[in-house]
Amino acid sequence: MKPVKTGLLGLGTVGGGVVTVLTGNAHEIARRAGREVVISHAAAKEYDAGAIQGLDQVDRITDDGFAVVNDPDVEIVIELIGGYSPAKDLVLQAIENKKHVVTANKAMIAVHGNEIFSAAQEQGVTVAFEAAVAGGIPIIKAIREGLVANRIHWAAGIINGTGNFILTEMRDKGRDFADVLQEAQERGYAEADPTFDVEGIDAAHKLTIMGSIAFGIPLQFEKTYTEGITRIEQQDVAYADELGYRIKHLGIARRVDAGIELRVHPTLIPARRLIANVDGVMNAVLVQGDAVGPTLYYGAGAGSLPTASSVVADVIDVVRALTTDPENRVPHLAFQPDSMSDLAVLDMADVSTAYYLRMQAVDRPGVLSAVTTILGNLGISIEAIIQKEPEADASHVPIIMLTQRVLERNMNSAITQIEALDTIDGSLHRIRVEALD
Ligand code: HSE
């Protein structure tokens, strides 16, 4: 049989990795796919030819992505440029030309996926996106196929390697936030704009995709609650430790009676949970299905070869399905397009969770009781309280509390009232707490 010709858009960190994996493992890949897979046409504005192993086996390299997607010989387009433009136009053009697409572009799928999948469905082609979520971990495959028998209750994941690397280094080595971020950039983990990592946008893109395939809802990035890790202080990391917790930047997708929760925020999780011990740049996703119970997926969430592993897996899946009827392929969002659910994504104020609260209070009788009265009036139960020694010459003492689960709306109201007390200095720091049991 003739080799399958692919067209590659982008020769950066992931694109270079894909060249290396596709050429280096060509024999194994052909044995698995049933056909040889070659890169017949690649496009990149700039690239480091000397750094990409196997680049000499790419037939043709240009700087024009549209030449690749319009190349009649190319059957599968691999989009690894990232971002919205020109990636989206190139992908839509490839689909119009009836080419299958493999992409690692989480931002494009999370924001424009509904439009892209609908165009692909019309043309009878596949858009595969395993590498868009959690890098080298086959989490899309796991949720969409391995767990297909289950009603998924929730999924919670550490899905941004850069953020996890920063939190781990802050905890283990007391390192400074900016210094660790710079190292993540140098290692090629961070996004081109690292605020996407530290402000949770990258994780929200990935969570949006996971939520859709877990519950069969359309992609709704704009409704995903997104909070970054930039306000986490060294003392929060230390107090969390003291209370038996770790702070992780989690993406949580949960089905509750009222709708779907999609939220990304720093979260205290019990230190004894396996996922609490996922450190450095590694990612992990915990999925709770009704039949299987909890399952945990762990691996490299970023980096050249791990991400290429997922991209090439998609390419092989597409090659294997080239001769199947479009109706018989795995649906893009796991559920048949005419069976999607219209369950609402909940506003964060309507989400229930437990809380870690840290405040600076005047050290005199009655102060704590004023705070607990406010919480009590709003039906908020306290799980634990710690009052720390004041620092030398300080007029205020740190008070740390853990609460039980409460509606965020009520907690917002409690925080406003507590901050208004003249015995409380400055703003109150709140971090959500999840038991993940
Ligand atoms: N910037 C991302 C991360 C890369 O740090 O996880 C993988 O999506």
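My aim in this report is to walk through the structure given alongside it, one point at a time.

Cut-offs used in this document
- Residues numbered from 1 in each chain as written.
- Predicted model: local features only at pLDDT ≥ 70, side-chain atom pairs only at ≥ 80, totals over all residues.
- Heavy atoms only, no water.
- Buried < 20%, exposed > 50% of the residue type's maximum accessible area, 1.4 Å probe, protein only.
- Helix = DSSP H or I, 4+ residues; strand = E, 2+ residues; numbered from the N terminus.
- Pairing = 2+ DSSP bridges.
- Right-handed = clockwise from strand over helix to strand, strands pointing away.
- Polar contact = N/O pair within 3.5 Å; in protein donor to acceptor, adjacent residues only side chain to side chain.
- Contact = heavy atoms within 4.5 Å.
- Near = heavy atom within 4 Å.
- Areas by Shrake-Rupley, 256 points an atom, 1.4 Å probe, with all protein chains shown as cover.
- Nonpolar A, V, L, I, M, F, W, Y, C, P; charged D, E, K, R; others polar.

Our focus in this paragraph is the pairing of strand β5 (residues 100-103). A regular strand places its side chains so that they alternate between the two faces of the sheet. A two-sided burial pattern is seen for β5, the buried positions comprising His100 and Val102 on one face and Val101 and Thr103 on the other. As paired strands, strand β4 (residues 76-79) and β5 are joined by four bridges and run parallel to one another. From the neighbouring strand, valine 77 faces β5, where its bridge partner is valine 101. Remark: the β4/helix α4 (residues 87-96)/β5 crossover connection has right-handed handedness.

The buried fraction of strand β1 (residues 4-9) is high, at five of six residues. As paired elements, β1 and strand β2 (residues 37-43) share six bridges and run parallel to each other. By the bridge assignment, leucine 8 is partnered in β2 with alanine 42.

This part covers the side chain of histidine 41. Tracing the sequence through the fold places histidine 41 in strand β2. Among the polar contacts made by the side chain of histidine 41, one reaches the side chain of aspartate 71 at a distance of 2.8 Å. Once you skip the residues sitting within four places of it in the chain, histidine 41 turns out to touch Thr6, Gly7, Leu8, Arg60, Thr62, Ala67, Val68, Asp71 and Val74.

Next up on the list: the sheet that holds β1. Spatially, β3-β2-β1-β4-β5-β6 is the arrangement adopted by the six strands of the open sheet, whose pairing is parallel. Whereas interior strands pair on both sides, the edge strands pair on one side only; in this sheet they are β3 (61-62) and β6 (127-128). As paired strands, β5 and β6 are joined by two bridges and run parallel to one another. Paired with valine 102 across the strands is alanine 128, a residue of β6.

The environment of the ligand is made up of Lys106, Asn160, Gly161, Thr162, Tyr189, Ala190, Glu191, Asp197, Asp202, Lys206, Gly301 and Ala302. Between a nitrogen atom of the ligand and a side-chain N or O atom of glutamate 191, the distance comes to 2.6 Å. Compared with its free state, where it exposes 260 Å², the ligand has 92% of that area covered by protein. For the shell around the ligand, the secondary structure elements donating two or more residues are α7 (161-173) and α10 (201-215). Classifying every residue of the shell around the ligand gives three nonpolar, four polar and five charged.

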